[in-house]
Amino acid sequence: MKLVIDCDDAAFDFKDAIYAHLKEEGYDITDLKYSSTHECDYPDIAFNLAEKISDGTYDRGILICGTGLGVAMMANKVPGVFAGTCSDCFAAERLAKSNDANVITMGARCIGVELGKMIADAFLKSEFGGGGSTRKVKRMRELETKYCHH
Ligand code: RB5
């Protein structure tokens, strides 16, 4: 699984800690650091990462800002990207198992770094479970095409 991570100025230390943790766990993870080369805020940072999920360069993404909300809103604008903000491990697991999301977002001003690591682990260790969720996820993808042509 190819992973990608990025953050805005509210979350550099948090992001570095998550990146180091996942690297240590053996994940193939790339830190885009988009704002270090482009003067921009979370809308562009999130959009840039989401495009790289959408085009298949990476399988899953992690986005971190102050609340996790702005980056989720922008990532979800990119067709093929389904992002959710999590501040607990149960939701992080369900985000993959039930919602088949490919991006998780977190808020560096909302949760501690150690919980952030556990949340990232819960998401990455989980896969879509199918079953009763299949119809719902299929419907999300159908409805997405109404405004987003992928
Ligand atoms: C700070 O720019 C803050 O607005 C941002 O990190 C994020 O929380 C937005 O959703």
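This text goes with the structure placed above it.
Residues numbered from 1 in each chain as written. Predicted model: local features only at pLDDT ≥ 70, side-chain atom pairs only at ≥ 80, totals over all residues. Heavy atoms only, no water.

Of all six residues making up strand β3 (residues 60-65), six are buried, and the element is well covered by its neighbours. The alternating pattern of β3 places R60, I62 and I64 on one face and G61, L63 and C65 on the opposite face, and all of these are buried. Of the pairings in the sheet, the one linking strand β1 (residues 2-7) to β3 comprises five bridges and is parallel in character. When the bridges of β3 are listed, I5 appears paired with I62. Pairing between β3 and strand β5 (residues 103-107): five bridges, direction parallel. Bridge pairing links I64 to M106 in β5. (Buried < 20%, exposed > 50% of the residue type's maximum accessible area, 1.4 Å probe, protein only. Helix = DSSP H or I, 4+ residues; strand = E, 2+ residues; numbered from the N terminus. Pairing = 2+ DSSP bridges.)

A few words now on the site of the ligand. Close to the ligand lie D8, A10, Y42, C65, G66, T67, G70 and R109, which account for all nearby residues. At 2.5 Å, a side-chain N or O of D8 approaches an oxygen atom of the ligand. Contact distances for the ligand include 3.0 Å between an oxygen atom and a backbone N or O atom of T67. Within the complex, the protein chains bury 71% of what would otherwise be the 290 Å² of accessible surface of the ligand. Class assignment for the residues of the shell around the ligand results in three nonpolar, three polar and two charged. (Near = heavy atom within 4 Å. Polar contact = N/O pair within 3.5 Å; in protein donor to acceptor, adjacent residues only side chain to side chain. Areas by Shrake-Rupley, 256 points an atom, 1.4 Å probe, with all protein chains shown as cover. Nonpolar A, V, L, I, M, F, W, Y, C, P; charged D, E, K, R; others polar.)

On to the pattern of salt bridges. Following the criterion strictly, the structure yields nine salt bridges and no others. Salt-bridge contacts for E93 lead to K97; the nearest nitrogen and oxygen are separated by 2.9 Å. Taken as a pair, E93 and K97 lie in helix α5 (residues 89-97) at a separation of four residues, close to a single helical turn. The partly exposed category is assigned to E93, whose relative accessible area is 28%. The residue E114 makes a salt bridge to K117 at a minimum N-O spacing of 3.0 Å. Here the residue E114 and the residue K117 both occupy positions in helix α6 (residues 113-124), the gap between them amounting to three residues, near one helical turn. (Salt bridge = Lys/Arg side-chain N within 4 Å of Asp/Glu carboxyl O.)

Let us look at the state of the cysteines. Such a bond, covalent and formed between the sulfur atoms of two cysteines, is termed a disulfide. All chains considered together, the criterion is met by zero disulfides. No disulfide involves C7; its nearest neighbouring cysteine sulfur is the one of C65, lying 9.4 Å away. Classification of C7 as buried rests on a relative accessible area of 0%. Free cysteine C40: the closest other cysteine sulfur is in C7, separated by 11 Å. Classification of C40 by relative accessible area gives buried; the value is 18%. (Disulfide = S-S within 2.5 Å.)

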